[in-house]
Amino acid sequence: MMLAMQQTRAVSRRSFFLGSMGVAGAYCLRANPLGLPIGCQTWPVREAIGKDLDGTLQELAGMGFERIEMCSPAGYAKMGFGPLEQLKPAELREKIHAAGLGCESCHFGFGELRDHLDERLDFANELGLKQMIIATFWLPKEAKISDWMHAVDEANKLGERAQKAGIQLGFHNHDFEFHKIDGELIYDKLMAEFDPKFVKMQFQVNVIGLGYQAADFFEKYPGRFISIHLQDWSPTQKKDVALGQGIVDWKRLWAAAKKSGAKNYFVEVDRDDLKASAQFLKGLS
(Lines give C-alpha, C1' and ligand atoms only; values in the text may rest on other atoms or scores of the structure.)
Protein backbone atom coordinates (compact mmCIF):
# COMPACT_ATOMS: atom_id res chain seq x y z
CA MET A 1 0.00 0.00 0.00
CA MET A 2 2.82 2.38 0.97
CA LEU A 3 4.68 1.53 -2.28
CA ALA A 4 1.55 2.24 -4.31
CA MET A 5 1.12 5.62 -2.61
CA GLN A 6 4.76 6.52 -3.28
CA GLN A 7 4.37 5.55 -6.94
CA THR A 8 1.18 7.62 -7.19
CA ARG A 9 2.91 10.67 -5.68
CA ALA A 10 5.88 10.20 -8.08
CA VAL A 11 3.57 10.02 -11.07
CA SER A 12 1.64 13.04 -9.83
CA ARG A 13 4.83 15.09 -9.40
CA ARG A 14 5.96 14.11 -12.90
CA SER A 15 2.54 14.93 -14.38
CA PHE A 16 2.54 18.30 -12.62
CA PHE A 17 6.06 19.05 -13.84
CA LEU A 18 5.32 18.17 -17.45
CA GLY A 19 1.96 19.89 -17.33
CA SER A 20 3.50 23.11 -16.02
CA MET A 21 6.12 23.05 -18.78
CA GLY A 22 3.68 22.31 -21.56
CA VAL A 23 4.22 19.93 -24.44
CA ALA A 24 6.89 22.07 -26.09
CA GLY A 25 8.87 22.41 -22.87
CA ALA A 26 8.72 18.70 -22.18
CA TYR A 27 9.98 17.96 -25.68
CA CYS A 28 12.93 20.30 -25.12
CA LEU A 29 14.16 18.04 -22.34
CA ARG A 30 15.99 16.29 -25.15
CA ALA A 31 19.19 18.24 -25.56
CA ASN A 32 20.09 19.75 -28.90
CA PRO A 33 23.72 19.44 -30.03
CA LEU A 34 26.00 21.75 -28.00
CA GLY A 35 22.90 22.78 -26.05
CA LEU A 36 22.18 25.36 -28.77
CA PRO A 37 18.92 26.01 -30.66
CA ILE A 38 18.60 24.20 -33.98
CA GLY A 39 19.09 26.66 -36.81
CA CYS A 40 18.40 26.78 -40.53
CA GLN A 41 19.91 28.90 -43.29
CA THR A 42 17.22 30.55 -45.40
CA TRP A 43 19.02 29.96 -48.72
CA PRO A 44 17.18 26.63 -49.26
CA VAL A 45 13.83 28.48 -49.14
CA ARG A 46 14.96 31.46 -51.23
CA GLU A 47 12.30 30.86 -53.88
CA ALA A 48 9.53 31.12 -51.29
CA ILE A 49 10.68 33.56 -48.65
CA GLY A 50 10.20 36.70 -50.72
CA LYS A 51 6.78 35.58 -51.95
CA ASP A 52 5.36 34.41 -48.62
CA LEU A 53 7.56 35.43 -45.72
CA ASP A 54 5.11 34.60 -42.93
CA GLY A 55 4.18 31.23 -44.39
CA THR A 56 7.81 30.27 -45.02
CA LEU A 57 8.85 31.19 -41.49
CA GLN A 58 5.97 29.18 -40.06
CA GLU A 59 6.98 26.25 -42.26
CA LEU A 60 10.54 26.30 -40.89
CA ALA A 61 9.30 26.55 -37.32
CA GLY A 62 6.94 23.64 -37.96
CA MET A 63 9.88 21.52 -39.09
CA GLY A 64 11.49 22.00 -35.69
CA PHE A 65 13.87 24.87 -36.32
CA GLU A 66 14.30 27.48 -33.61
CA ARG A 67 16.67 29.93 -35.30
CA ILE A 68 17.22 31.11 -38.85
CA GLU A 69 20.14 32.70 -40.62
CA MET A 70 19.07 35.34 -43.11
CA CYS A 71 20.59 36.43 -46.40
CA SER A 72 20.91 40.18 -46.91
CA PRO A 73 17.77 41.37 -48.74
CA ALA A 74 19.81 44.00 -50.57
CA GLY A 75 22.76 41.78 -51.40
CA TYR A 76 20.61 38.81 -52.40
CA ALA A 77 17.85 40.82 -54.08
CA LYS A 78 18.08 38.89 -57.35
CA MET A 79 18.11 35.53 -55.57
CA GLY A 80 14.67 35.67 -53.97
CA PHE A 81 15.22 38.04 -51.04
CA GLY A 82 14.52 41.31 -52.87
CA PRO A 83 10.91 41.76 -51.68
CA LEU A 84 12.14 41.79 -48.07
CA GLU A 85 13.86 45.12 -48.76
CA GLN A 86 10.41 46.69 -48.46
CA LEU A 87 10.36 45.81 -44.76
CA LYS A 88 12.19 47.78 -42.12
CA PRO A 89 14.61 45.56 -40.18
CA ALA A 90 12.47 45.95 -37.06
CA GLU A 91 9.41 44.74 -39.00
CA LEU A 92 11.36 41.76 -40.30
CA ARG A 93 12.49 40.96 -36.76
CA GLU A 94 8.90 41.08 -35.50
CA LYS A 95 7.75 38.65 -38.19
CA ILE A 96 10.57 36.26 -37.37
CA HIS A 97 9.71 36.38 -33.67
CA ALA A 98 5.99 35.99 -34.41
CA ALA A 99 6.78 32.65 -36.04
CA GLY A 100 8.56 31.53 -32.87
CA LEU A 101 12.02 31.91 -34.39
CA GLY A 102 15.10 33.94 -33.59
CA CYS A 103 17.70 35.44 -35.92
CA GLU A 104 21.20 36.47 -34.87
CA SER A 105 23.16 35.88 -38.08
CA CYS A 106 22.97 36.94 -41.73
CA HIS A 107 25.00 36.39 -44.90
CA PHE A 108 26.26 39.36 -46.87
CA GLY A 109 28.10 39.77 -50.15
CA PHE A 110 31.70 40.92 -49.74
CA GLY A 111 31.13 43.77 -52.18
CA GLU A 112 28.11 45.14 -50.35
CA LEU A 113 30.06 45.21 -47.09
CA ARG A 114 32.97 47.05 -48.70
CA ASP A 115 30.69 49.58 -50.38
CA HIS A 116 27.87 49.97 -47.84
CA LEU A 117 29.20 48.83 -44.46
CA ASP A 118 27.59 51.58 -42.38
CA GLU A 119 24.17 50.88 -43.92
CA ARG A 120 24.56 47.14 -43.40
CA LEU A 121 25.64 47.67 -39.79
CA ASP A 122 22.52 49.75 -39.20
CA PHE A 123 20.45 46.94 -40.74
CA ALA A 124 22.19 44.36 -38.56
CA ASN A 125 21.67 46.24 -35.34
CA GLU A 126 18.01 46.96 -36.08
CA LEU A 127 17.41 43.32 -36.96
CA GLY A 128 19.10 42.25 -33.72
CA LEU A 129 22.05 40.43 -35.29
CA LYS A 130 25.10 39.38 -33.32
CA GLN A 131 27.13 38.36 -36.35
CA MET A 132 27.51 39.27 -40.02
CA ILE A 133 28.94 36.59 -42.30
CA ILE A 134 30.90 37.24 -45.49
CA ALA A 135 29.47 34.64 -47.89
CA THR A 136 32.89 34.30 -49.57
CA PHE A 137 35.27 36.53 -51.51
CA TRP A 138 34.11 35.21 -54.92
CA LEU A 139 37.61 35.49 -56.36
CA PRO A 140 38.17 34.04 -59.85
CA LYS A 141 39.56 30.54 -60.13
CA GLU A 142 42.87 31.88 -61.42
CA ALA A 143 43.32 34.23 -58.44
CA LYS A 144 46.81 34.30 -56.92
CA ILE A 145 47.53 34.02 -53.23
CA SER A 146 48.25 37.76 -53.23
CA ASP A 147 44.66 38.36 -54.37
CA TRP A 148 43.39 36.29 -51.47
CA MET A 149 45.62 38.15 -49.02
CA HIS A 150 44.42 41.52 -50.32
CA ALA A 151 40.83 40.41 -49.65
CA VAL A 152 41.81 39.20 -46.17
CA ASP A 153 43.32 42.59 -45.39
CA GLU A 154 40.07 44.29 -46.42
CA ALA A 155 38.04 41.83 -44.34
CA ASN A 156 40.16 42.46 -41.25
CA LYS A 157 39.46 46.19 -41.55
CA LEU A 158 35.74 45.56 -42.03
CA GLY A 159 35.77 43.28 -39.01
CA GLU A 160 37.37 45.93 -36.85
CA ARG A 161 34.71 48.45 -37.84
CA ALA A 162 31.95 45.91 -37.28
CA GLN A 163 33.24 45.09 -33.82
CA LYS A 164 33.16 48.75 -32.85
CA ALA A 165 29.46 48.66 -33.78
CA GLY A 166 28.89 45.62 -31.57
CA ILE A 167 28.84 43.02 -34.36
CA GLN A 168 31.20 40.08 -34.95
CA LEU A 169 32.24 39.57 -38.57
CA GLY A 170 32.59 36.02 -39.87
CA PHE A 171 33.77 34.31 -43.06
CA HIS A 172 31.96 31.40 -44.71
CA ASN A 173 33.86 28.92 -46.84
CA HIS A 174 32.83 27.14 -50.01
CA ASP A 175 34.91 24.69 -52.01
CA PHE A 176 37.12 27.52 -53.34
CA GLU A 177 39.12 27.78 -50.12
CA PHE A 178 39.91 24.07 -50.12
CA HIS A 179 42.18 24.12 -53.14
CA LYS A 180 45.92 24.63 -53.03
CA ILE A 181 48.13 27.37 -54.44
CA ASP A 182 51.83 26.55 -54.63
CA GLY A 183 51.20 23.50 -52.48
CA GLU A 184 49.49 25.41 -49.65
CA LEU A 185 45.83 24.98 -48.77
CA ILE A 186 44.10 28.34 -49.22
CA TYR A 187 42.04 27.80 -46.05
CA ASP A 188 45.15 27.38 -43.91
CA LYS A 189 46.60 30.55 -45.41
CA LEU A 190 43.39 32.40 -44.58
CA MET A 191 43.55 31.18 -40.99
CA ALA A 192 47.10 32.46 -40.73
CA GLU A 193 46.20 35.93 -42.00
CA PHE A 194 42.70 36.64 -40.68
CA ASP A 195 42.81 38.61 -37.45
CA PRO A 196 41.28 36.10 -34.99
CA LYS A 197 39.64 38.93 -33.08
CA PHE A 198 37.99 40.70 -36.00
CA VAL A 199 37.12 37.78 -38.33
CA LYS A 200 35.79 34.47 -37.03
CA MET A 201 35.01 31.51 -39.27
CA GLN A 202 31.78 29.80 -40.27
CA PHE A 203 32.70 26.29 -41.36
CA GLN A 204 30.73 24.59 -44.12
CA VAL A 205 30.72 20.87 -43.43
CA ASN A 206 30.10 19.65 -46.98
CA VAL A 207 33.77 20.06 -47.91
CA ILE A 208 33.93 16.48 -46.66
CA GLY A 209 33.08 15.77 -50.30
CA LEU A 210 36.59 17.04 -51.09
CA GLY A 211 38.12 14.95 -48.31
CA TYR A 212 38.21 17.58 -45.55
CA GLN A 213 36.52 17.05 -42.18
CA ALA A 214 35.21 19.88 -40.04
CA ALA A 215 36.46 18.19 -36.86
CA ASP A 216 40.07 18.35 -38.08
CA PHE A 217 39.86 22.13 -38.44
CA PHE A 218 38.01 22.64 -35.15
CA GLU A 219 40.83 20.78 -33.41
CA LYS A 220 43.57 22.54 -35.38
CA TYR A 221 42.16 26.05 -34.81
CA PRO A 222 40.32 25.99 -31.46
CA GLY A 223 38.31 29.09 -30.63
CA ARG A 224 38.50 30.52 -34.16
CA PHE A 225 34.96 29.65 -35.25
CA ILE A 226 31.69 31.45 -34.68
CA SER A 227 29.29 29.18 -36.55
CA ILE A 228 28.82 25.93 -38.51
CA HIS A 229 26.86 25.18 -41.69
CA LEU A 230 25.56 21.63 -41.57
CA GLN A 231 25.30 19.28 -44.50
CA ASP A 232 25.91 15.58 -45.01
CA TRP A 233 27.51 14.00 -48.06
CA SER A 234 26.72 10.84 -50.01
CA PRO A 235 29.73 9.49 -51.97
CA THR A 236 27.47 7.24 -54.02
CA GLN A 237 25.04 10.01 -54.99
CA LYS A 238 27.85 12.58 -55.03
CA LYS A 239 25.67 15.25 -53.47
CA ASP A 240 24.53 16.74 -50.16
CA VAL A 241 21.88 14.68 -48.39
CA ALA A 242 19.78 15.02 -45.23
CA LEU A 243 21.82 14.96 -42.04
CA GLY A 244 22.48 11.44 -40.82
CA GLN A 245 22.15 9.92 -44.30
CA GLY A 246 25.74 10.47 -45.42
CA ILE A 247 29.30 9.91 -44.25
CA VAL A 248 29.80 12.73 -41.72
CA ASP A 249 30.96 11.39 -38.35
CA TRP A 250 28.55 13.44 -36.25
CA LYS A 251 29.76 12.16 -32.89
CA ARG A 252 33.29 13.32 -33.64
CA LEU A 253 32.11 16.57 -35.22
CA TRP A 254 30.13 17.63 -32.14
CA ALA A 255 32.92 16.61 -29.78
CA ALA A 256 35.37 18.76 -31.74
CA ALA A 257 32.82 21.57 -32.10
CA LYS A 258 32.96 22.08 -28.32
CA LYS A 259 36.51 23.38 -28.86
CA SER A 260 35.66 25.43 -31.94
CA GLY A 261 34.04 28.41 -30.24
CA ALA A 262 30.91 28.14 -32.41
CA LYS A 263 27.94 30.11 -31.07
CA ASN A 264 25.36 28.63 -33.45
CA TYR A 265 24.85 26.22 -36.32
CA PHE A 266 22.56 26.22 -39.34
CA VAL A 267 21.31 23.40 -41.54
CA GLU A 268 21.75 24.14 -45.23
CA VAL A 269 20.44 21.30 -47.38
CA ASP A 270 17.81 21.02 -50.10
CA ARG A 271 14.40 22.17 -48.96
CA ASP A 272 13.00 18.64 -49.15
CA ASP A 273 15.68 17.45 -46.69
CA LEU A 274 15.24 20.17 -44.08
CA LYS A 275 12.63 18.46 -41.91
CA ALA A 276 14.48 15.14 -41.77
CA SER A 277 17.68 17.01 -40.85
CA ALA A 278 15.98 18.86 -38.00
CA GLN A 279 14.54 15.60 -36.68
CA PHE A 280 18.00 14.01 -36.85
CA LEU A 281 19.50 16.82 -34.76
CA LYS A 282 16.69 16.61 -32.19
CA GLY A 283 17.52 12.93 -31.75
CA LEU A 284 21.13 13.67 -30.82
CA SER A 285 22.31 14.35 -27.30
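Structure report, in brief. Position numbers for residues count from 1 along each chain, tracking the sequence in the order it is written. In view of the model being predicted, local features appear only for residues whose pLDDT reaches at least 70, and side-chain atom pairs are presented and counted only at 80 or more, with totals across whole chains, interfaces and linings using the full set of residues. Each side-chain value is worked out from all heavy atoms of the structure, with water and hydrogens disregarded.

## Description of the nonpolar core
Piece 1. Only buried residues count toward a nonpolar core. Its members are Ala, Val, Leu, Ile, Met, Phe, Trp, Tyr and Cys residues joined through side-chain atoms within 4.5 Å. For each residue, the accessible area found with a 1.4 Å probe, counting protein chains only, is set against the maximum for its type, and the residue is called buried under 20%, exposed over 50%, and partly exposed in between. Core analysis: the biggest nonpolar cluster contains 84 residues, and Met 70, Phe 137 and Leu 230 have the highest contact counts within it.
Piece 2. Residues contacting Met 70, with those up to four places away along its chain left out, are Gln 41, Thr 42, Ile 49, Phe 81, Leu 84, Leu 92, Ile 96, Cys 103, Ser 105, Cys 106 and His 107. We call two residues in contact whenever any of their non-hydrogen atoms come within 4.5 Å of each other.

## Considering the pairing of strand β8 (residues 199-204)
Piece 1. Going along the chain from the N terminus, every DSSP run of H or I of four or more residues is numbered as a helix, and every run of E of two or more is numbered as a strand. Across the 6 residues of β8, 6 count as buried, placing the element largely inside the fold.
Piece 2. A two-sided burial pattern is seen for β8, the buried positions comprising Val 199, Met 201 and Phe 203 on one face and Lys 200, Gln 202 and Gln 204 on the other.
Piece 3. Two strands are said to pair when DSSP picks up at least two bridges between them. Summarising the sheet, strand β5 (residues 168-172) and β8 pair through 4 bridges and their orientation is parallel. In the sheet register, Phe 171 faces β8, and the bridge partner there is Met 201.
Piece 4. For β8 and strand β9 (residues 225-230), the ladder comprises 4 bridges, and the chain directions are parallel. Bridge pairing in β9 links Met 201 to Phe 225.
Piece 5. Handedness of a crossover is defined as follows: orient the strands so they point away from the viewer, and if the path from the first strand over the helix to the second runs clockwise, the crossover is right-handed. Taken together, β8, helix α8 (residues 214-220) and β9 constitute a β-α-β crossover, and its handedness is right-handed.

## So, the pattern of salt bridges
Piece 1. The working definition used for a salt bridge is a side-chain nitrogen of Lys or Arg within 4 Å of a carboxyl oxygen of Asp or Glu. Tallying each qualifying case throughout the model produces 12 salt bridges.
Piece 2. Put simply, Glu 112, Glu 119 and Arg 120 are held in one network by salt bridges that share partners.

## A look at the sheet that holds strand β2 (residues 67-71)
Piece 1. Spatially, the 8 strands close up into a barrel ordered β1-β2-β3-β4-β5-β8-β9-β12, and their pairing is parallel. On average, each strand axis in the sheet is tilted by 30° relative to the strand beside it, whichever way the strands run.
Piece 2. Between N-to-C directions, angles cover 0 to 180 degrees, with each direction set by a line fitted to C-alpha atoms, over the stretch in contact for helices. Across the sheet, helix α5 (residues 110-127) lies against β3 (102-108), β4 (131-134) and β5, angled at about 170° from β3, the strand it touches most.

## A few points about the environment of Ile 133
Piece 1. Assignment of secondary structure puts Ile 133 in strand β4.
Piece 2. A residue is classified by how much of its surface remains accessible, and Ile 133, at 0% relative accessible area, is buried.
Piece 3. Along the primary structure Ile 133 and Phe 171 are separated by 38 residues, whereas in three dimensions their C-alpha atoms are 5.4 Å apart.
Piece 4. Beyond its immediate sequence surroundings of up to four residues, Ile 133 is in contact with Glu 69, Ser 105, Cys 106, His 107, Phe 108, Gly 170, Phe 171, His 172, Gln 202 and Ile 226.

## Observations concerning the packing of α5 against helix α6 (residues 145-164)
Piece 1. Relative to each other, α5 and α6 sit at 10°, their axes nearing to 11 Å. In terms of axis orientation, α5 runs roughly parallel to α6. Along the contact surface, α5 presents Phe 110, Leu 113, Arg 114, Leu 117, Asp 118 and Leu 121, while α6 presents Ala 151, Glu 154, Ala 155, Leu 158, Arg 161 and Ala 162.
Piece 2. Considered class by class, the residues forming the contact of α5 with α6 number 8 nonpolar, no polar and 4 charged. Here roughly perpendicular refers to angles of 65 to 115 degrees, roughly parallel to angles under 35, roughly antiparallel to angles over 145, and oblique to all remaining angles. In this classification, the charged set is Asp, Glu, Lys and Arg, the nonpolar set is Ala, Val, Leu, Ile, Met, Phe, Trp, Tyr, Cys and Pro, and all remaining amino acids, among them Gly, are polar.

## Looking at the state of the cysteines
Piece 1. Sulfur atoms of two cysteines make up a disulfide when they are within 2.5 Å. A full pass over the atoms with the stated rule returns 0 disulfides.
Piece 2. Here Cys 106 stays unpaired: no disulfide links it, and the sulfur of Cys 71, its closest cysteine neighbor, is 6.4 Å away.

## A word on the packing of α6 against helix α7 (residues 186-193)
Helix packing geometry: the angle between the two helix axes and the distance between the axes.
Piece 1. Contact geometry of α6 with α7 gives a least axis separation of 10 Å together with a crossing angle of 40°. In terms of crossing hand, the pair formed by α6 and α7 is right-handed. On α7, the residues touching Ile 145, Trp 148, Met 149, Val 152 and Asn 156 of α6 are Ile 186, Lys 189, Leu 190 and Glu 193.
Piece 2. Residue classes in the contact of α6 with α7 are distributed as 6 nonpolar, 1 polar and 2 charged. Crossing handedness follows the turn of the near helix against the far one: under a right angle anticlockwise gives a left-handed crossing, and clockwise gives a right-handed one.

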